[in-house]
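Here are the chains, one letter per residue:
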Amino acid sequence: MTPTRVVFLLSIVLLLIPSFSSADIVTDPVDMPNVRITEPWLRQLYQAGLAGSPTFRSLVERLEDSDVVVYLQTDPRALLGVAGRLTFLSMVAGTRYVVIRLSPLRSPAQQLAMIGHELQHAVEVAERPDIVDQESMLREYMRFGYLNGASASGVALDTKAATEVAWQITDELRDQPLVVAAPLLP
Ligand SMILES: [Zn+2]
């Protein structure tokens with residue numbers, strides 16, 4: 001088994017209590033993109049994904065047409081063996097907010113595949129208006145996803161679609177040089 005395969009097998013949606021509260025979100029300016037990134041390296045990587053991967057681009061287009069806002073950020077408290085995770089934050093004035101936390105991986109291409117994997121989960125949320133909080137997200141994922149593990153910190157769920165998206169993006173980026181100063185696994 002290759003290292004890449006191990007990483008993707010461990011990629012999961014982990015349902016945890018959000019580490020910041022919905023009080024942080026006051027208003028939602030209409031001219032802001034639905035995928036929001038503040039870290040410069042992550043923004044650069046994201047742009048490379050948009051430029052190089054049609055699958056990545058179509059996920060973002062679907063999110064931009066949705067009521068789901070995604071905060072994409074590096075995970076300062078990365079869990080061992082977890083490459084990325086999506087958490088439902090809150091629903092405010094008809095907009096649903098989720099956060100994707102990304103752990104350092106071995107290459108920019110792997111990180112983009114993982115971002116795409118998690119963006120697919122955000123699309124899954126967008127397609128299901130019944131998801132309005134952590135509890136309803138858990139309920140829905142138990143129905144259309146599958147259990148991928150459980151621990152003291154939460155329940156890990158995943159979908160086949162997200163795994164396939166990661167492989168598609170990996171394929172699309174295979175022959176493209178990605179010059180991004182990304183934090184990588186040591
Ligand atoms: Zn997943």
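Anything mentioned here points back to the structure above.
Quantities reported herein were computed from a predicted structural model and do not represent experimental measurements. (Residues numbered from 1 in each chain as written. Predicted model: local features only at pLDDT ≥ 70, side-chain atom pairs only at ≥ 80, totals over all residues.)

**Here we look at the packing of helix α3 (residues 54-64) against helix α4 (residues 108-126)**
It is at 9 Å that the axes of α3 and α4 come closest, and there the two elements cross at 30 degrees. With respect to each other, α3 and α4 are oriented roughly parallel. As α3 packs across α4, the resulting crossing turns out to be left-handed. Side by side, α3 and α4 meet where Thr 55, Phe 56, Leu 59, Val 60, Arg 62 and Leu 63 of the first sit next to Leu 112, Gly 116, Leu 119, Gln 120, Ala 122, Val 123 and Ala 126 of the second. (Axes fitted to C-alpha atoms, helices over the stretch in contact; angles between N-to-C directions. Helix = DSSP H or I, 4+ residues; strand = E, 2+ residues; numbered from the N terminus. Parallel < 35°, antiparallel > 145°, perpendicular 65-115°, else oblique. Left-handed = near helix turned anticlockwise from the far one by under 90°. Contact = placed C-beta atoms within 7 Å.)

**A closer look at the sheet that holds strand β4 (residues 84-92)**
The mixed open sheet is built from four strands, whose spatial order is β2-β3-β5-β4. Of all strands in the sheet, those with a lone pairing partner are β2 (35-37) and β4, marking the two edges. Sheet twist, expressed as the average angle between the axes of neighbouring strands with direction ignored, equals 25 degrees. Relative to strand β5 (residues 95-102), strand β3 (residues 68-74) runs parallel, the two sharing seven bridges. Among the inter-strand pairings, Val 69 is bridged to a residue of β5, identified as Tyr 97. (Pairing = 2+ DSSP bridges.)

**A closer look at the environment of Leu 42**
Examined against the element boundaries, Leu 42 turns out to sit in helix α2 (residues 40-52). Owing to 19 C-beta atoms within 10 Å, Leu 42 belongs among the partly exposed residues under this scheme. Expressed as a C-alpha distance, the spacing of Leu 42 and Thr 74, which sit 32 residues apart in the sequence, is 8.0 Å. Apart from residues no more than four positions distant in its own chain, Leu 42 is found in contact with Ile 37, Leu 72 and Thr 74. (Buried ≥ 20, exposed ≤ 12 C-beta atoms within 10 Å, placed from the backbone.)

**Quick notes on the packing of α3 against helix α6 (residues 160-173)**
Each packed pair of helices is defined by two parameters, the angle between the axes and the distance between the axes. Packing of α3 against α6 leaves a shortest axis separation of 8 Å and a crossing angle of 130 degrees. The angle between the axes of α3 and α6 places the two elements in the oblique class. When α3 is examined against α6, the residues Pro 54, Thr 55 and Phe 56 are found in contact with a partner set consisting of Val 165, Gln 168, Ile 169 and Glu 172. A breakdown of the residues in the contact of α3 with α6 according to their chemical character gives four nonpolar, two polar and one charged. (Nonpolar A, V, L, I, M, F, W, Y, C, P; charged D, E, K, R; others polar.)

**Notes on the nonpolar core**
Core analysis: the largest hydrophobic core is formed by 43 residues, its most contacted members being Leu 63, Val 70, Val 98, Ile 100, Leu 112 and Ala 122. Element by element, the count of residues in this core is highest for α4, at nine residues. Beyond its immediate stretch of four places on either side in the chain, Ala 122 contacts Leu 63, Val 68, Val 70, Leu 86, Val 98 and Ile 100. (Core = buried A, V, L, I, M, F, W, Y, C linked by C-beta atoms within 7 Å.)

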